[in-house]
Amino acid sequence: MSLRRPDAVQAATRARARMVERLRAQGIRDEKVLGAMMQVPRHAFVEEGLAYSAYDDTALPIGYQQTISQPFVVAKMIETLRAGRELGRTLEVGAGCGYQAAVLSFVATEVYAVERIRPLLDVARENLRPLRLPNVRLKCADGTMGLPEAAPYDTIIVAAAAASVPVSLREQLAPGGRLMLPVGGADQRLVMIERQGNVFRESRLEAVRFVPLLTGTE
């Protein structure tokens, strides 16, 4: 779906509007999140052959055995993290193709996105460049270690499933902050950690399916 053709741009805008209305029907109520989902051209973050499926509510392959998360999961995670507060300084673990970082840029003060697969991070940079988002920073790093040089974070969102909550991510969470990540192997569930002083409160949310969170870089 070429962004240069006016008819394709209009078709993508209509498809994106339908996606947002579907998210609303699925229970997403945060208008700021819905507005962010409307702003970001999801088709620009997938291969051209998959562009016409970009606004379906499904995960899509982005290469390197990774996927772009389904729109509902992206919206639901961000809405839950935002409930009653602002996201503030946000760390995204698992930048992938850059889509979720772009959505976060419209609802967070600053976005630090890390990706362990260097060629995939290069793809994310290329995808994000036309959007000219001044508050997004990308780095190739082991996401299980977080990004200590920019810590603490008001919000941490992880786009891969961990066997347990990484200690480094908990430690980089600011007081009053929230961390959300999928936890589990074959059976995964979203977990939200809320920090109050030195107390960490854990909530288990809905079942999900993510690629595994791996260590190291490549």
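Notes on the structure follow. (Residues numbered from 1 in each chain as written. Predicted model: local features only at pLDDT ≥ 70, side-chain atom pairs only at ≥ 80, totals over all residues. Heavy atoms only, no water.)

1. Some details on the pattern of salt bridges
So, point 1. Scanning all chains against the criterion turns up twelve salt bridges.
So, point 2. Here Glu 86 and Arg 82 are joined by a salt bridge, their closest N and O atoms 3.2 Å apart.
So, point 3. Accessibility expressed as a relative area gives 49% for Glu 86, which makes it partly exposed.
So, point 4. For Arg 82, a relative accessible area of 10% puts it in the buried group. (Salt bridge = Lys/Arg side-chain N within 4 Å of Asp/Glu carboxyl O. Buried < 20%, exposed > 50% of the residue type's maximum accessible area, 1.4 Å probe, protein only.)

2. Quick word on unusual backbone geometry
So, point 1. Of note, the bond from Ala 151 into Pro 152 is cis; its omega dihedral lies within 30 degrees of zero at 5°.
So, point 2. Phi is positive for Tyr 64, which is not a glycine, with a value near 60°.
So, point 3. Along the polypeptide, Tyr 64 turns up in the loop between strand 1 (60-63) and strand 2 (66-68).
So, point 4. Its identity is not glycine, yet Arg 132 carries a phi of approximately 50°, on the positive side. (Helix = DSSP H or I, 4+ residues; strand = E, 2+ residues; numbered from the N terminus.)

3. Some words on helix 2 (residues 31-39)
So, point 1. Listed as buried for helix 2 are Val 33, Leu 34, Ala 36 and Met 37. Along the long axis of helix 2, the arc covered by the buried residues comes to 160°, so they all point the same way.
So, point 2. Two or three places before Lys 32, at the start of helix 2, stands the capping residue Asp 30, its side-chain oxygen 2.9 Å from that residue's backbone nitrogen. (Arc of directions from axis to C-beta. Polar contact = N/O pair within 3.5 Å; in protein donor to acceptor, adjacent residues only side chain to side chain.)

4. A short note on helix 5 (residues 118-128)
So, point 1. The set of residues buried in helix 5 consists of Leu 120, Leu 121, Ala 124, Asn 127 and Leu 128. Each buried residue of helix 5 sits inside an arc of 115° when the element is viewed along its axis, so together they form one side.
So, point 2. If you follow the buried residues of helix 5, they end up packed against strand 1, strand 2, helix 4 (99-105), strand 4 (110-115) and strand 5 (136-140). (Contact = heavy atoms within 4.5 Å.)

Keep in mind that these numbers describe shape and distance, not what the molecule does.
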